[in-house]
Structure formats: structure tokens, C-alpha cells
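Commentary on secondary and tertiary structure
One-letter residues, chain by chain:
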Amino acid sequence: KQWYQRRVAITAGMELKHYIIKVRESTIFALEERIIKAKHRLEFLVDYTSMSPAEMRLNSEAFNWHSRMPPIFEEHDEIINSSKRQAENALKLRRDRFVEELEGYSKQLEEFETFGDVGEVNRYLKKAQTLNTRLEAAQEKIEQFNLEEEAFDWETTKYPMRKKILDVLTPYHKLYETTVDFQTNYKGWMDGTFDVIDPDEVDAEVGNFWRTLYKLEKTFANQANPESMAQKMKGKVSDFKENLPLIQCICNKGMRDRHWDQMSKIVEFSIKPDSDTTLRKMIDLNLEPYLEKFEGISEAATKEFGLEKAMAKMVEEWTDGPDKKEKSTDCDSALIPLL
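Residues numbered from 1 in each chain as written. Predicted model: local features only at pLDDT ≥ 70, side-chain atom pairs only at ≥ 80, totals over all residues. Heavy atoms only, no water.

1. A word on the overall build of the protein chain
Helix and strand counts for the protein chain stand at 12 helices and 0 strands. Of the regular secondary structure in the protein chain, the N- to C-terminal order runs α-α-α-α-α-α-α-α-α-α-α-α. A compact globule built from 339 residues should have a C-alpha radius of gyration of about 20 Å, whereas the protein chain, at 39 Å, is more than 25% larger. Dimensions of the protein chain, computed from C-alpha atoms along their principal axes, come out at roughly 125 × 70 × 30 Å. Taken over 339 residues, the protein chain has a buried fraction of 31%. Nonlocal contacts in the protein chain, meaning residues at least 24 apart in sequence, comprise 74% of its contacts between residues at least 6 apart. (Helix = DSSP H or I, 4+ residues; strand = E, 2+ residues; numbered from the N terminus. Rg over C-alpha atoms; globule rule 2.2 N^0.38 Å. Buried < 20%, exposed > 50% of the residue type's maximum accessible area, 1.4 Å probe, protein only. Contact = heavy atoms within 4.5 Å.)

As C-alpha cells, this is what we get:
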């Protein structure tokens, strides 16, 4: 709120400053020319009419108003200069305090170098988010300082320390964020509802996690604690990646009861999922030795699922179309190669 009020005050002050400059340099002279023309018109009128004392006083005030302007301009300058000095001193004080804030933020970075316990990652992330939020607020302060500096015709200050702090913080923030995101997703995949798992999405997200942690591991090559955390998490992601081929098979959206029966026959016990099934339970069944046979069944399920969707779309177009006869002909022609 204070930042907004200062911005409004500065904008108003700059507008007033430009207005007074315009009045001094052009408006005042244009009005004086109008006074001269009015004087000539009055000289003409006095030859044909008489004026009351009140009218004489009114005209006298109009002809002499410009002689009162120099003191008004001087008073304006004194008020503006006094306010400007106060604002400049306040700005200098706020800038000094801001530099102290940035130095405090810089010291906070030293703490992140000591963080390496994966079990405390949520606390680490909260600290990183808090510092990141403060750095975002610091950028707004810099923009406010620059606005005031421009109003005072000062050289704008860049404050490179803020960017330096942000550049150092960013990989820590990314490490903690990636760790928390993977842990959250891992919990959802392993212990969440089995039939909502999308194997393609899992594969893409796991790939992104691994690539991000690989880069972070390189970034923290000379920092023992964050490097260790990145290595541990990359190892966990790698371990989970080994399950992706099985996930692609058993989480296939095209799987039907007949496909589960075929897989169950191969392993000689039922693996058909029910409401209590989770990915963790499926992985614990040690189905990897049967993966090659499962892949053939899963591929067939994918093809059959594609045909199901294509035929359902054709039926929908046929039943909802304006010309059923025409749709029927098109549908029959399209079904021939499928059959």
C-alpha cells in the first residue's frame, strides 16, 4: 500500500513539475498576448462607453495578474525543493536499508549448503520458497527506487546483488521442488488408485525428473550436501524407471478381462486388478520374468482398443448425423478394411 501511495505521489509530482515548466515556458506568454489584445479592444471601447469603478477594478486586475506570477513561481519552487529534499533523503535511507536486506538474503544462502537430509526436504523447500518470494518483492522495490530516481534525475541503480542471490538460490529451489514433486507423484503412483495411472504420462514425468536431477547433480558437483541429495533422488528415480516396461503393460487402458485372464494363465495365479489393487502390490508380485509375454498381450490390447474407439466414433457419427443413409454407407465402407 505504501509503495502504491509513493508511486501515485511521485507520478502526481512529476505531472505538476512538467505542468509548471510548460506554464513558465509557453502558457504565460500566450496569456500575455491575449491580455495585450484585450487591452486594445478595451481602448477602442472606452471611446464609446463609460465604465463603473467596479468594472475598472476588474479590468485592472486582469491586466496586472501576470505581474503577480513571479512570486508565485518562487513560492512553488521553494515548496517543491523542500519536498524534493525530504523525498531524496527518504529514498537514500530506504536504499541503504534495502542493501542491508540483500546482504541478509545472501547470508541465508550459506544455510542451504548444509542441507542434505532428504527427510527434511519439505522444510528446505519452504525456506527456499520464502527467500524466493522475498527476492521477487525485492525486484518490485528496485522498480520503485528506479521510478523515484528518474523523478529526481538520478542515475538508476541496478542492484546486481539481487540477481546474484537469485541465480545461486534457483538450483537449490529446483532441487527441493523436484524432490518433493517426485515423492508426491511416487506415492500417488505406488499407492493410489491403480486404474487411473496413465503409463505415457508416468513415463514422461519420470524422464523429466531424471533429466532435471542429472543436471542438478552436475550443478552441485563441488557441494557435498546438495550433490548427495541429487544423487540419492536420481537413484530413486532410476530404480522406479526399471518398472516402466511393466507399467506400460499392466496399466494399458486397452486391457480387458480377457487380457487379464491370459496374463493370469501365464503366471498361474490371478493378477486381475480389483478395487484394492495398487501398483505397489502389482510390482511386489515379481512379474518381470513374464514381461516379454505380457508385452505381446498388451500390444494386442492396444490395437483392439484402437479399433473399439474407431468403431464407436463411426457409430456415433452414423446415429447423430443428419442423413443416416449416407452415414450408413460411409460407415460400411470404412468397416470393410477393419474386418
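2. Remarks on helix H4 (residues 121–151)
Given a rise of 1.5 Å per residue, 31 residues ought to cover 45 Å, and the 45 Å separating the end C-alpha atoms of H4 matches this to within 8%. Positive phi appears at Asp153, one or two residues downstream of H4, with a value of about 60 degrees. (Expected span 1.5 Å × (residues − 1).)

3. Considering the side chain of Asn243
Tracing the sequence through the fold places Asn243 in the loop between helix H7 (224–241) and helix H8 (244–250). Take Asn243: its relative accessible area is 12%, and that puts it in the buried class. With sequence-adjacent residues up to four places away left out, Asn243 is seen in contact with Ile283 and Glu288.

4. Observations concerning the pattern of salt bridges
Under the counting rule described, the total for this entry stands at 12 salt bridges. Among the salt bridges present, the one from Arg94 reaches Glu148, with a minimum N-O distance of 2.6 Å. You can see Arg94 sitting in helix H3 (residues 69–112) and its partner Glu148 sitting in helix H4, a full 54 residues away along the chain. Comparing Arg94 with Glu148, the two get one shared label, buried. Among the salt bridges present, the one from Arg123 reaches Glu120, with a minimum N-O distance of 3.0 Å. Residue classification places Glu120 among the partly exposed positions, given a relative accessible area of 33%. Here the salt bridges do not stand alone but share partners, grouping Lys187, Asp191 and Arg280 into one network. (Salt bridge = Lys/Arg side-chain N within 4 Å of Asp/Glu carboxyl O.)

5. Side note on the nonpolar core
Counting residues in hydrophobic clusters, the biggest one holds 60 residues, and the most contacted among them are Phe112, Tyr176, Phe240, Ile250 and Leu279. In contact with Leu279, other than residues within four places in its own chain, are Trp189, Met190, Phe194, Ile197, Phe240, Ile247 and Ile250. Ile20, Ile35, Trp65 and Phe73 belong to the second largest nonpolar core, which has 9 residues in total. (Core = buried A, V, L, I, M, F, W, Y, C linked by side-chain atoms within 4.5 Å.)

6. Focus on a nonpolar patch on the surface
Where nonpolar side chains cluster on the molecular surface, the patch consists of Leu16, Tyr19 and Ile80 and spans about 270 Å² of accessible area. Looking at the secondary structure, you find Tyr19 in helix H1 (residues 2–45). (Patch = residues over 30% accessible without salt bridge, like charges linked within 9 Å, V, L, I, M, F, W, Y side chains within 5 Å. Areas by Shrake-Rupley, 256 points an atom, 1.4 Å probe, with all protein chains shown as cover.)

7. Focus: unusual backbone geometry
The phi dihedral of Tyr159 is positive, around 50 degrees, even though this residue is not glycine. Inspection of the secondary structure assignment puts Tyr159 in the loop between H4 and helix H5 (160–191). One non-glycine residue, Asn286, adopts positive backbone phi at about 55 degrees. Within the fold, Asn286 resides in the loop between helix H10 (279–283) and helix H11 (291–320). The exposure class assigned to Asn286 is exposed, which follows from its relative accessible area of 53%.

8. Re the packing of H5 against H7
For the pair H5 and H7, the least separation of the axes is 11 Å and the interaxial angle reads 25 degrees. Taken together, the axes of H5 and H7 are roughly parallel relative to one another. Note that H5 runs across H7; the crossing there is left-handed. Residues Tyr172, Leu175, Tyr176, Thr179, Phe182, Gln183, Tyr186, Trp189 and Met190 of H5 form the contact with H7, whose own contacting residues are Pro226, Met229, Ala230, Met233, Lys236, Val237 and Phe240. Classifying every residue of the contact of H5 with H7 by side-chain character gives 13 nonpolar, 2 polar and 1 charged. (Axes fitted to C-alpha atoms, helices over the stretch in contact; angles between N-to-C directions. Parallel < 35°, antiparallel > 145°, perpendicular 65-115°, else oblique. Left-handed = near helix turned anticlockwise from the far one by under 90°. Nonpolar A, V, L, I, M, F, W, Y, C, P; charged D, E, K, R; others polar.)

9. Observations regarding the packing of H3 against H5
Axis angle and axis distance: for two packed helices, these are the angle between their axes and the distance between the axes, and together they describe the pair. Their axes nearest at 10 Å, the elements H3 and H5 cross at an angle of 30 degrees. With respect to each other, H3 and H5 are oriented roughly parallel. Note that H3 runs across H5; the crossing there is left-handed. Counted together, Leu102, Glu103, Tyr105, Ser106, Leu109 and Phe112 of H3 and Met161, Arg162, Ile165, Val168, Leu169, Tyr172 and Tyr176 of H5 form the full contact between these two elements. Residue composition of the contact of H3 with H5, grouped by class: 10 nonpolar, 1 polar and 2 charged.

Coordinates in, geometry out; function isn't part of it.
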